[in-house]
Amino acid sequence: MIEDAITADTFYRELKSRFSGLLEKEGILKERVEINTRSLTPEEAIGITERRDFPIITGKDVMVQAECMGALGQAFTDAPSVFKGTLQDICALDIEKDSHDRGLFIAALNAVMKHLGKVECTVHCRCDGPEQCAADAAEYISSVYGQPRIGLIGYQPSLLERLSGQFPVRAADLSPVNIGQTRYGVLVEDGGIPCVSRSICSWADLVLCTGSTVCNGSIVDFLYLKDKILFYGTTLAGAAALLGLPRLCFADRYQ
């Protein structure tokens, strides 16, 4: 696992270095492997769901999808772009400073890691999958952690509803649509205020943090939590494997 006291620039530099090293080891860095990346519609991303408050449906998130040699990788981002290029082009993207490049890189990283057999769950579950995934997450947490106080970083409605019915929960999000609102019996606090996030993480026995923090750059704010954090979702798949970050995702069960 990478060191917890790390800046965003250092984090992304290390991530790119490890990815480039893996591509060289696998002998595919210089191959003309095409990476095709595009934004998905909400229906393409998560299907038709009864629940209508997923951020991708309300327009607060966009999912980009990359394809590499038949393998798919996705990433939630607020800065989507369209891209077509080689693995060398991917490694040349400015992921330290450019959020558009970062979303492309993370999606492509997930697709490549899936192709290489290094990760699972790189494609988001669809339709009733999020509800099943939330139930599995609650069961896993109960079996491993007992009855922890949970800090939920990032608004995932099915996960929040399931967890709040079983555990003490505090939640934080960056979207003004959710901040200050009570969702499923839980007040959604402002995750953009550092002292708020710190308070939630200090209070919690277990922090569930959205993997999309790897795209918005805030992931470095949570690395210090070490054994009390789990990053959830598909976005962090490749980075978690390369950097040794703990991750919770059951998406492949519902494809």
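The model shown is predicted, which means the values in this text are computed figures rather than measured ones. (Residues numbered from 1 in each chain as written. Predicted model: local features only at pLDDT ≥ 70, side-chain atom pairs only at ≥ 80, totals over all residues. Heavy atoms only, no water.)

Thoughts on the overall build of the protein chain
- When its secondary structure is counted, the protein chain shows ten helices and eleven strands.
- Sequence separation of 24 or more characterises 63% of the internal contacts of the protein chain that already satisfy a separation of 6 or more.
- Counting only carbon and sulfur atoms, one obtains 48% of the accessible surface of the protein chain, whose full area is about 10900 Å². (Helix = DSSP H or I, 4+ residues; strand = E, 2+ residues; numbered from the N terminus. Contact = heavy atoms within 4.5 Å. Areas by Shrake-Rupley, 256 points an atom, 1.4 Å probe, with all protein chains shown as cover.)

Thoughts on the sheet that holds strand S5 (residues 150-153)
- Here seven strands make up an open sheet; going across it, the order is S7-S8-S6-S5-S9-S10-S11 and the pairing mixed. If you trace the sheet from one side to the other, it starts and ends with strand S7 (182-183) and strand S11 (247-248), each paired once.
- Bridging between S7 and strand S8 (residues 186-190) involves two bridges; their strand directions are antiparallel. Paired with Thr-182 across the bridge in S8 is Leu-187.
- Across the face of the sheet, helix H8 (residues 194-203) comes into contact with S5, strand S6 (169-173), S8 and strand S9 (206-210) while running at roughly 155° to S6. (Pairing = 2+ DSSP bridges. Axes fitted to C-alpha atoms, helices over the stretch in contact; angles between N-to-C directions.)

Focus on the nonpolar core
- Ranked by size, the top nonpolar core spans 54 residues in total, and within it Phe-11, Leu-15 and Ile-219 carry the most contacts.
- Among the elements that take part in this core, helix H5 (residues 99-115) stands out by supplying nine residues, more than any other.
- Aside from chain neighbours lying at most four places away, what touches Leu-15 is Phe-105, Ile-106, Leu-109, Ala-239, Leu-242 and Leu-243. (Core = buried A, V, L, I, M, F, W, Y, C linked by side-chain atoms within 4.5 Å. Buried < 20%, exposed > 50% of the residue type's maximum accessible area, 1.4 Å probe, protein only.)

Concerning the confidence of the model for the protein chain
- When the pLDDT values of the protein chain are averaged, the result is 87; 87% of them are 70 or greater.
- Per-element confidence in the protein chain ranges from a low mean pLDDT of 48 for helix H3 (residues 55-58) to a high of 98 for S5. (pLDDT = per-residue confidence, 0-100.)

Let's talk about the pairing of strand S3 (residues 71-77)
- Within S3, six of the seven residues are buried, which leaves the element mostly enclosed by the surrounding structure.
- As paired elements, strand S2 (residues 62-68) and S3 share seven bridges and run antiparallel to each other. Of the residues in S3, the one forming a bridge with Val-62 is Thr-77.
- In this antiparallel pair of consecutive strands, S2 and S3, the connection spans two residues, and Met-69 shows a positive phi of 50°.

Things to note about H5
- Taking 1.5 Å of rise per residue, the 17 residues of H5 would be expected to cover 24 Å, and the 24 Å separating its terminal C-alpha atoms lies within 8% of that figure.
- Judged by how many residues are buried, H5 sits mostly within the fold: 13 of 17 residues are covered.
- Where H5 starts, the residue carrying a side-chain oxygen 2.8 Å from the main-chain nitrogen of His-100 turns out to be Asp-98.
- Positive phi appears at Gly-117, one or two residues downstream of H5, with a value of about 75°. (Expected span 1.5 Å × (residues − 1). Polar contact = N/O pair within 3.5 Å; in protein donor to acceptor, adjacent residues only side chain to side chain.)

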